[in-house]
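Structural overview for review
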Amino acid sequence: MKTFKKINVLLIALFASIIFTSCNKDDDNPDVVRTLNIVGIASETPELSILVDALVAADGNLPEALSGGPFTVFAPTNDAFLAFLSANGFSSLSDVPTDVLSQILLNHVIQGELRSSDLSTSYGKTMAREATTGENISIFIDTSAGITLNGVSDVTTANIEASNGVIHIVDAVIDLPTVVDFAIADDTFSTLVSALTRDDLTFDFVGTLSTPAGTTPAPFTVFAPTNAAFGDLLTELDASGLGDIDEPTLKATLNLHAIAGANVRSSALTDNMTISTLGGDVTGNVTGGATITDVNGRVSNIVVVDVQAANGVIHVIDKVILPQQPSIAGIAIDTPELSILVDALSRAGLVQTMSYPGDYTVFAPTNTAFMNFLSANGFASLDDIPVDVLTQVLLNHVVSGGVMSTELTTTYINTLATKSGSDLNLSMFVDTSSGVTLNGVSNVSTPDIEATNGVIHIVDAVIGLPTIVDHAVANPNFSSLVGALTSYGTTFTDLLSAAGDFTVFAPDNTAFSAFTNPNSNSLDQILSNHVIVGATAMSSDLENMYVNTAATFNGTMNNLSMYINTDSGVTINGVSDVTAADVVASNGVIHVVDTVIDLPTVVDFALADSTFETLVAALTRDDLTFDYVGTLSTNIGTSPAPFTVFAPTNDAFGNLLTELGASGLGDITEPVLKATLDHHAVAAANVRAEDLMDNMTVGTLGGDITANVTGGATLTDANGRVSNIVKVNVQAANGVIHVIDKVVLPNLD
């Protein structure tokens, strides 16, 4: 009560000082003489007579502190006062408590002279005071369409100049504002108001936050998020609107933005300050700028401070404060249909992992999904599954990073499960063509359950550890490949489903559609030619190299070779490019290719391997009287295939030109070039390195040369020149290549 009496004295001192101030000249325009002060003008203005009566009703002593001015007064009309008295149940001014009337009148006064052109949409300070702190109460001035004060009172006549200030006549009394009044008045908080007034809320936020000053639980401190802050929240939660946020979460969130029983001004904030809101504790800091940190570690900046209402104070923040969300494990524990998953996580020691801070996506199988999995695999209970297997199966449902369902696309992602005996993460095929399907066997039934450490998508089937065949079956883009594989019964599916290490270069449907099988090769051999047995070769393991495939030469045990080139991406045998690499299965890896890899001829290898560019140039020289390319492309089973080719490298040809004193292949006559090339091919024989022996006569198309193996495989031509065989057994479908470091020459005598 003492505070109100003091303010009453200040009010009367203010207006009395206005009355007794002598006439002044306008500071901005010395030629204009202001003959009356503010109260004098009010007294001579009939429509402000009740305002004058209100000033008299709020009589008091006159301290010297408030003599002078200038002031800006928003002066309510008689109609405004009558409407105010009626709305508040007063029959006359005498019914209004003097201290209340004093505060209301002071709420219409701002220190300083502000003409309408000086006003902008912002908060100002009136001379009214908040009861607990004595701080000036704020006023919200909106100039977007005229001038509106606290959302309730419009200026109808502006810029009435007095000797000690300016009067703006308004059409409504500006009552002492609550924090709710400011939220409603300021469009910056329209989304906050929508949240506070949502129909399904089980708590009356508006009614509570409108509690008058001096009545429990007032005063309040409100951290008010802007519309932009709510927009960012919806993006963060992947929600289309407030309606997507359930009532308990919304209520818990709003609780975190209000303190009851305290008018906490910004000057009272300190670093690492625990702030107890209606919803729990948050942390305040001021170093580097005032901030609020919630229990999730999210930081909200306080961008506007100390919007003072009569029943509390507002601080504007740029990020919505969120309550503690349960962890993935916590949500699973609280979800009855995931009880077997919880038991499985417990048995595998993964409950704590799924409780720790982090960012995971978990595809959570229901109890029914687990029961079906146990039955299908002959297990009576979880206890029958080896712990290491169970652990990998569970990890195969977990992906690093929180991914909402709307962020999933048809593609491969890596799970936390690993291929046995390695640190390679297994791949998972996500198909979003119709809902979300995983590895072709498990569908998301309930998406986007958010947790503190990620997101859960409930699925209807356990996702087993995929084999190469499983991946092929799951991906619709491999339907032609699957059809080809299964046309041989279970031969291929059994092989590629078995434990082991396989690398498969898998042609997609487009590749199969374009393949015409021009050499009428056996389909089973073509398919085998896409498989490397005994190795899981990731794309990072590949280099310019030859490897052996599962295809074989002419029914023998000799596996066909494959040439891999990594100069620009990954190209196989010079004809097929890897378009998607490293699809990891439990028994190997798949690399998707854009062309079916036909069974290679010796010519195909020469063309694919840049080591033989000069050899290819020699074989294809226009003036040659023999078709080497056509002949060496002859299919197996047709004379003169198979062939054994001793293939000189580019360096070997370079050395030959130096030896012959030639500047290029064009300096070598056609007969000499043809005779030379003839000495590098054997017809009708697939002579592998293991068939060579010391002093072995090798009958080439151009004549005999001598092979030796002691000390390293070599060839000696008729001139006694020795060529080292630097790579052996590049096996084609129609012959074999051995790489040599010196060109074999015919007899030069």
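Overview of the structure. (Residues numbered from 1 in each chain as written. Predicted model: local features only at pLDDT ≥ 70, side-chain atom pairs only at ≥ 80, totals over all residues. Heavy atoms only, no water.)

1. A word on the overall build of the protein
Heads up, the rule is: Each helix corresponds to a stretch of at least 4 residues labelled H or I by DSSP, and each strand to a stretch of at least 2 residues labelled E; elements are numbered beginning at the N terminus. C-alpha atoms define the radius of gyration, and 2.2 Å times the number of residues to the power 0.38 defines the globule rule. The classification of residues rests on relative accessible area computed with a 1.4 Å probe and restricted to protein chains. Under 20% of the type maximum is buried, over 50% is exposed, and intermediate values are partly exposed. Each accessible area value is a Shrake-Rupley result obtained with a 1.4 Å probe; residue values ignore everything except the protein chains displayed when judging cover. For the charge count, each Lys or Arg is scored as positive and each Asp or Glu as negative, with His and the chain ends excluded. The atom standing in for a charge is NZ when the residue is Lys, CZ when it is Arg, CG when it is Asp and CD when it is Glu.
When helices and strands are counted, the protein shows 24 helices and 37 strands. For 749 residues, the compact-globule estimate of 2.2 N^0.38 gives 27 Å, and the protein exceeds it by more than 25% at 44 Å. The dimensions of the protein, computed from C-alpha atoms along their principal axes, are 135 × 75 × 40 Å. The proportion of buried residues among the 749 residues of the protein is 50%. Of the roughly 31700 Å² of accessible surface on the protein, a fraction of 52% belongs to carbon and sulfur atoms. With 21 positive and 81 negative side-chain charges, the protein shows a separation of 10 Å between the mean positions of the two kinds.

2. As for the nonpolar core
Using the following cut-off: Throughout, nonpolar core names a set of buried Ala, Val, Leu, Ile, Met, Phe, Trp, Tyr and Cys residues whose side chains join them through atoms within 4.5 Å. Residues count as neighbours in contact if any of their non-hydrogen atoms are within 4.5 Å of one another.
With 36 residues, the main nonpolar core has Ile328, Leu341, Met354, Val362, Phe370, Leu382 and Leu394 as its most contacted residues. Elements with a minimum of two residues in this core: α11 (328-333), α12 (339-347), β17 (360-365), α13 (367-376), α14 (387-395) and β23 (454-459). Beyond its immediate stretch of four places on either side in the chain, Phe370 contacts Ile340, Leu341, Ala344, Pro365, Leu382, Leu394 and Val462. Membership of the second largest hydrophobic core comes to 34 residues, among which are Ala195, Leu209, Ala218 and Ala229.

3. Focus: the sheet that holds strand β22 (residues 442-451)
The following threshold applies: Two strands form a pair only when DSSP identifies at least two bridges running between them.
In spatial order, the strands read β18-β17-β23-β22-β21-β20-β19; together these seven strands make up an open sheet with mixed pairing. Every other strand in the sheet has two partners, leaving β18 (398-400) and β19 (411-418) as the edge strands with one partner each. In this structure, β17 lies alongside β18, joined through three bridges in antiparallel fashion. Of the residues in β18, the one forming a bridge with Val362 is Val398.

4. Examining the packing of aromatic side chains
Where we set the bar: Classification of ring pairs uses Phe, Tyr and Trp, with its six-membered ring standing for Trp, and accepts pairs whose centres are within 6.5 Å; under 30 degrees between planes counts as stacked, over 60 as edge-to-face, and the remaining range as tilted.
Scanning all chains against the criterion turns up eight aromatic pairs. A ring pair is formed by Tyr546 and Tyr563, whose centres lie 4.8 Å apart and whose planes are at 45°; its orientation type is tilted. Placement of the pair is Tyr546 in strand β26 (residues 545-552) and Tyr563 in strand β27 (residues 559-565), with a sequence separation of 17 residues. Taking relative accessible area as the criterion, Tyr546 reaches 16% and is therefore assigned buried. Tyr563 sits in the buried class, given a relative accessible area of 3%. Considering the side-chain rings of Tyr546 and Phe605, the 5.8 Å spacing of their centres and the 75° angle between planes classify their relative orientation as edge-to-face. Of this pair, Tyr546 sits in strand β26 while Phe605 is found in helix α20 (residues 602-608), placing the two residues 59 residues apart along the sequence. Like Phe605, Tyr546 is buried. Taken together, the aromatic side chains of Tyr123, Phe140 and Phe182 make up a single cluster linked through ring pairs.

5. What about helix α10 (residues 247-255)?
What α10 keeps buried is the set Glu247, Leu250, Thr253, Leu254 and Asn255. Each element contacted by the buried residues of α10 is listed here: α7 (190-196), α8 (205-209), β11 (258-260) and β12 (273-277).

6. Concerning the pairing of strand β34 (residues 703-708)
Two elements, strand β33 (residues 696-700) and β34, share five bridges in a ladder whose sense is antiparallel. Residue pairing in the sheet places Val698 in a bridge with Ile705 of β34. Hairpin connection from β33 to β34: two residues lie between these consecutive antiparallel strands. Where β34 lies against strand β35 (residues 714-716), three bridges are found, and the strand directions are antiparallel. What sits directly across from Thr706, in β35, is Thr716. Hairpin connection between β34 and β35: a loop of five residues separates the two successive antiparallel strands, and Gly711 in this loop has a positive phi of roughly 80°.

7. What about empty space enclosed by the protein?
Put simply, the test is: Of the two site types, the cavity is a set of points on a 1 Å grid over the protein atoms alone where a 1.4 Å probe fits but cannot get out, and the pocket is an open set with protein on both sides within 12 Å along at least five of seven lines, each lined by residues with an atom within 4 Å of a point. Grid points are joined across faces, edges and corners, and a volume is the space filled by probe spheres set on the points. Under this grouping Gly is polar, as are all residues other than the nonpolar Ala, Val, Leu, Ile, Met, Phe, Trp, Tyr, Cys and Pro and the charged Asp, Glu, Lys and Arg.
Within the structure shown, the criterion is met by six cavities of 30 Å³ or more. Of the pockets and cavities examined, the largest cavity occupies roughly 180 Å³. Taken together, 18 residues make up the lining of the largest cavity; nearest its centre are Ala183, Leu192, Leu196, Leu209 and Val222. Looking at the lining of the largest cavity, the elements that each hand over two or more residues are α6 (179-185), α7, α8 and β10 (220-225). Per element, the largest residue contribution to the lining of the largest cavity is four residues, and it comes from α6. Class assignment for the residues of the lining of the largest cavity results in 16 nonpolar, two polar and no charged. Computed from the structure, the second largest cavity encloses a volume of approximately 140 Å³.

8. Focus on the sheet that holds β27
Pairing is mixed across the open sheet formed by seven strands, whose spatial order is β25-β24-β30-β29-β28-β27-β26. Lying at the two open borders of the sheet, with one neighbouring strand each, are β25 (531-533) and β26.

9. Here's the deal with the layout of surface pockets
Taken as a whole, the largest pocket holds about 460 Å³ of empty space. A total of four residues in the lining of the largest pocket trace back to one element, the largest contributor, which is helix α5 (residues 98-106). Its residues assigned to classes, the lining of the largest pocket comprises 10 nonpolar, six polar and three charged. In terms of lining residues, the second largest pocket is bounded by 19 residues, among which Leu237, Asp246, Thr249, Gln325 and Glu450 are the most central. Sorting the residues of the lining of the second largest pocket by element identifies α10 and β22 as the ones contributing at least two each. Residue classes in the lining of the second largest pocket are distributed as 11 nonpolar, three polar and five charged.

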